[in-house]
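Structural description and commentary
One letter stands for each residue in the lines below.
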Amino acid sequence: MAKILCAFLLILAMASVTRVAYAGGEGSLTLEQCPNACNYRCSATQYKKACLYFCNYCCAKCLCVPSGTYGHKEECPCYNNLRTKKGGPKCP
């Protein structure tokens, strides 16, 4: 029983680290980490190609990607404040 509990806690800990691994604020990532962070960020969208393009663009500028697949942009103010020419959000 103790082995099962230990395995469960290990899996739970790994899952929570994966979810928030990229939420550290501006400058918390390196350029090499951007593709993996964006792959996770864009994993739930049906517009994957566009999402990945803009996410990687924003990550390269800000070195930050918000946690999760949607929202949480307050974690990365630079990422949140990048705008299109029309004033809409640039980063997914």
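First things first, this report covers the structure right here in the doc. Worth saying up front: this structure is predicted, and the values here are computed from it rather than measured.

Parameters at a glance
Residues numbered from 1 in each chain as written. Predicted model: local features only at pLDDT ≥ 70, side-chain atom pairs only at ≥ 80, totals over all residues. Heavy atoms only, no water. Helix = DSSP H or I, 4+ residues; strand = E, 2+ residues; numbered from the N terminus. Contact = heavy atoms within 4.5 Å. Disulfide = S-S within 2.5 Å. Phe/Tyr/Trp six-rings, centres within 6.5 Å; stacked < 30°, edge-to-face > 60°. Buried < 20%, exposed > 50% of the residue type's maximum accessible area, 1.4 Å probe, protein only.

Section: unusual backbone geometry
Across residues other than glycine, the phi torsion is negative in most instances, and most of the peptide bonds are trans. A positive phi angle is found at Leu63, which is not glycine, with a value near 55°. For Leu63, the location among the structural elements is in the loop between helix H3 (48-62) and helix H4 (77-81). The phi torsion at His72 lies on the positive side, around 60°, for a residue other than glycine. Mapped onto the fold, His72 is located in the loop between H3 and H4.

Focus: the side chain of Lys73
Looking at the secondary structure, you find Lys73 in the loop between H3 and H4. Look past the residues within four positions of Lys73 in its chain and what remains in contact with it is Arg41, Pro66, Tyr79, Asn80, Pro89, Cys91 and Pro92.

Some words on the state of the cysteines
Here the structure, examined in full by the defined rule, presents six disulfides. Bridging Cys64 to Cys76, the disulfide has an S-S length of 1.8 Å. When the S-S torsion is -50°, as for the bridge of Cys64 with Cys76, the disulfide is left-handed. With Cys64 in the loop between H3 and H4 and Cys76 in the loop between H3 and H4, this pair connects stretches of sequence that are twelve residues apart.

Considering the packing of aromatic side chains
A ring pair, where both rings are aromatic, is described by two values, the distance of the centres and the angle of the planes. With the rule as written, the count across this model stands at one aromatic pair. With 5.0 Å between their ring centres and 85° between their planes, Tyr53 and Phe54 make a pair best called edge-to-face. Residue Tyr53 is classed as exposed on the basis of its relative accessible area, which comes to 56%.

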